[in-house]
Amino acid sequence: AAVDAAARGWCADDPYSADRPLHRGEQPKTWLLPQGRPEFFGPFAAEYEAAWNRAKETIARSGVRVQQVDVSLLQEAAALLYEGPLVAERWSALAGFIEAHPGSTFPVTETILRSGAKAEHTAAALFRAQHRLAEIRRAVRSWLRQAVLVLPTCGGTWTREQVGADLIGTNSKMGLYTNHCNLLDLSALAVPAGQAGPELPFGVTLFALPEEEANL
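In this text the structure is predicted, and so the values were computed from the model without any measurement. (Residues numbered from 1 in each chain as written. Predicted model: local features only at pLDDT ≥ 70, side-chain atom pairs only at ≥ 80, totals over all residues. Heavy atoms only, no water.)

**Student:** For this particular structure, what's the right way to read the overall build of the protein chain?
**Tutor:** Within the protein chain one finds nine helices and five strands. Reading the secondary structure of the protein chain in the N-to-C direction produces α-β-α-β-α-α-α-α-β-α-α-α-β-β. Projected onto the principal axes, the alpha-carbon positions of the protein chain cover approximately 55 × 45 × 35 Å. When the 216 residues of the protein chain are sorted by exposure, 38% land in the buried category. Put simply, 71% of the contacts in the protein chain that link residues at least 6 apart link residues at least 24 apart. Carbon and sulfur atoms make up 55% of the accessible area of the protein chain, which amounts to about 12,700 Å² in all. Both charge centroids of the protein chain, one from 20 positive and one from 24 negative side chains, sit 6 Å from each other. (Helix = DSSP H or I, 4+ residues; strand = E, 2+ residues; numbered from the N terminus. Buried < 20%, exposed > 50% of the residue type's maximum accessible area, 1.4 Å probe, protein only. Contact = heavy atoms within 4.5 Å. Areas by Shrake-Rupley, 256 points an atom, 1.4 Å probe, with all protein chains shown as cover. Lys, Arg positive; Asp, Glu negative; His and termini not counted. Charge placed at Lys NZ, Arg CZ, Asp CG, Glu CD.)

**Student:** How do you make sense of the packing of aromatic side chains when you look at a structure like this?
**Tutor:** The description of two aromatic rings rests on the distance between their centres and on the angle between their planes. If you walk through the whole model with that rule in mind, you get two aromatic pairs. Here the aromatic rings of Y48 and F202 are separated by 5.8 Å at their centres, their planes lie at 80°, and the arrangement is edge-to-face. Taken as a pair, Y48 in helix 2 (residues 45–61) and F202 in strand 5 (residues 200–208) lie far apart in primary sequence, 154 residues in all. The burial state of Y48 is the same as that of F202; both residues are buried. (Phe/Tyr/Trp six-rings, centres within 6.5 Å; stacked < 30°, edge-to-face > 60°.)

**Student:** Explanation requested: the sheet that holds strand 5 in the structure shown.
**Tutor:** Paired through their backbone hydrogen bonds, the strands of a sheet run either parallel or antiparallel. The strand order across the open sheet built from five strands is 2-1-3-5-4, with neighbouring strands paired in mixed fashion. With one partner strand each, in any of the chains shown, strand 2 (66–69) and strand 4 (187–197) form the two edges of the open sheet. In this sheet, neighbouring strand axes are inclined to one another by 30° on average, regardless of whether the strands run parallel or antiparallel. Across four bridges, the pairing between strand 1 (residues 30–34) and strand 2 is parallel. Counted as the bridge partner of W31 is V66 from strand 2. (Pairing = 2+ DSSP bridges. Axes fitted to C-alpha atoms, helices over the stretch in contact; angles between N-to-C directions.)

**Student:** Help me out: how do you make sense of the pattern of salt bridges in this one?
**Tutor:** Following the criterion strictly, the structure yields nine salt bridges and no others. D4 is the partner of R8 in a salt bridge, and the nearest nitrogen-oxygen pair spans 2.8 Å. One end of the pair, R8, and the other, D4, are both in helix 1 (residues 2–8), four residues apart, so they sit about a helical turn from each other. We classify R8 as buried; its relative accessible area is 13%. By relative accessible area, which is 33% here, D4 ends up partly exposed. Salt-bridge contacts for E49 lead to R37; the nearest nitrogen and oxygen are separated by 2.6 Å. (Salt bridge = Lys/Arg side-chain N within 4 Å of Asp/Glu carboxyl O.)

Structure (structure tokens):
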């Protein structure tokens, strides 16, 4: 509790600090699920999809109010994290170290960081991305008032060989249902939701507004 209070509390030395006390939790009035069929991937895609369908059925049988939302907005926000000018923030923070210590960083990490220095990542492009992100954030906040969004934690997994052959692509897919969270200033809690197969655990993630995190 002490650590949680410190993490939520005001810090005078941090210009981005915000005071967000944990309020008493309440049952969300609405449980949000994605419209249509989510994307599943990797060698166990069918098993992950079956596990997701079982999780949805459990929610439906519980008697809670369920509503569907278009999660493509979340994926648009997540794409800004790696593919848009927002990655320039990472380069601004770490460029000095990378350039002073060539070869000391994991190669794929350095590739992503250096993408923040691309010529097309202009100040104007950054502002456009920030404005779009603000629009998406407002839309998502309107969904989540007194609600909780449920998504697969992952839509699949990969073999080590598949990861080695495409480090960026496979990791990007693994974050398909989570990479939006920080950009949209959400709270999240990942929980086990049974097995997709033998020795293949499956989970879902619950998303809420930060001021309603206790509801999770």
